[in-house]
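Structure assessment
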Amino acid sequence: MTGTLTIAGLGPGSDALVTPEVSAALAAATDILGYAPYVARVPPRPGLKLHPSDNREELQRAGEALRLAAEGGQVVVVSSGDPGVFAMASAVFEALEQAPQYQELPIRVLPGITAMLAAAARAGAPLGHDFCAINLSDNLKPWTVIEKRLRLAAEADFSIAMYNPRSASRPEGFGRALAVLKDAGCGDRLVIFARAISATGEKIETVTLNNATPEMADMRTLVIVGNSQTRRVGRWIYAPRRVE
């Protein structure tokens, strides 16, 4: 096999937040695969084939990337943020597990700045102590699992970064998540709504959980729920390093 497969993170939106390592991989690529809006972030050039696809075609996309690389292509699968955080790296390895003929293929995973870290940096340091990340999409796991993880994260007093809070196809999920956290006694915690970080339309808003509403988030929003000691200092939000 003369080809290679690279799984790369494009960061949260701004070209300034794409790593040099990822930029070099894109410059050397013969084929770029990914969800259409992410592929659109890669400028076309001679010798480069762009393969955009729908958001729910991850395994098909991964299988096609493996095939193209096995045929000699310098293939890059792109994700926003970091490819290993609720993104394409897991899908590629899932496809690889089902296709042992490709397991000797050279594969690289190149990290990117995920929305969680970009949002935290804009707000201050809300992830400065122990935290977790929970994907609120129930496309690949039942709501009962999401609810259990939210309750346990609240009980453990983690700061919680919530991905994919609300979409047109499942507008009720984020409201349910807020209700779970309120029931768990988190009503006074600070909640950061970070939308389109580093991209057009960037907006950050911080309220208490009791004042948070489902309409404050959409699929371009990353939500961070602080722990019980997260506080304001001027216009910044931070989680103290010390637990009392």
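Up top is the structure.
Rules and cut-offs
- Residues numbered from 1 in each chain as written.
- Predicted model: local features only at pLDDT ≥ 70, side-chain atom pairs only at ≥ 80, totals over all residues.
- Heavy atoms only, no water.
- Pairing = 2+ DSSP bridges.
- Helix = DSSP H or I, 4+ residues; strand = E, 2+ residues; numbered from the N terminus.
- Buried < 20%, exposed > 50% of the residue type's maximum accessible area, 1.4 Å probe, protein only.
- Salt bridge = Lys/Arg side-chain N within 4 Å of Asp/Glu carboxyl O.
- Phe/Tyr/Trp six-rings, centres within 6.5 Å; stacked < 30°, edge-to-face > 60°.
- Expected span 1.5 Å × (residues − 1).
- Arc of directions from axis to C-beta.
- Contact = heavy atoms within 4.5 Å.

Backbone-to-backbone hydrogen bonds pair the strands of a sheet. The strands run either parallel or antiparallel. With mixed pairing, three strands are arranged side by side in an open sheet as E6-E13-E12. On the outer flanks of this sheet lie strand E6 (124-125) and strand E12 (231-233), each paired with one strand and no other. In this sheet, strand E13 (residues 236-238) lies alongside E6 in parallel orientation, the contact comprising two bridges. Across the sheet, Ala125 pairs through a bridge with Tyr238, a residue of E13.

This paragraph deals with the pairing of strand E4 (residues 74-79). Side chains on a regular strand alternate between the two faces of the sheet. Within E4, five of the six residues are buried, which leaves the element mostly enclosed by the surrounding structure. Note that strand E2 (residues 31-35) and E4 share three bridges and pair parallel. Looking at the pairing, Leu33 lines up with Val77 of E4.

So, on to the pattern of salt bridges. In this structure the tally under the stated criterion is six salt bridges. Between Arg67 and Glu71 there is a salt bridge whose closest N-O contact spans 2.8 Å. For Glu71, a relative accessible area of 56% translates into the label exposed. With a closest N to O distance of 2.9 Å, Glu202 and Arg122 form a salt bridge. Placement of Glu202 in the loop between strand E9 (190-195) and strand E10 (203-208) and of Arg122 in helix H5 (residues 115-123) is noted, with a sequence separation of 80 residues between them.

As a further point, take the packing of aromatic side chains. One pass over the structure, following the stated rule, counts three aromatic pairs. Measuring from centroid to centroid gives 5.2 Å for Tyr35 and Tyr38, while their planes differ by 85°, and the two rings are edge-to-face. Overall, the relative accessible area of 25% leaves Tyr35 in the partly exposed class.

For the rest of this paragraph, the subject is helix H6 (residues 143-155). With 13 residues, H6 should cover 18 Å at 1.5 Å per step; its first-to-last C-alpha distance of 18 Å lies within 8% of that length. Trp143, Ile146, Leu150, Ala153 and Ala154 are the residues of H6 that are buried. End-on view of H6: buried residues confined to an arc of 100°, all on one side of the axis. Seen from the buried face of H6, the exposed residues on the opposite side, beyond 90 degrees, are Thr144, Lys148 and Glu155. Along its buried surface, H6 packs onto strand E7 (131-135), strand E8 (159-163) and helix H7 (173-183). Two residues or fewer past H6, Asp157 is found with a positive phi of approximately 65°.

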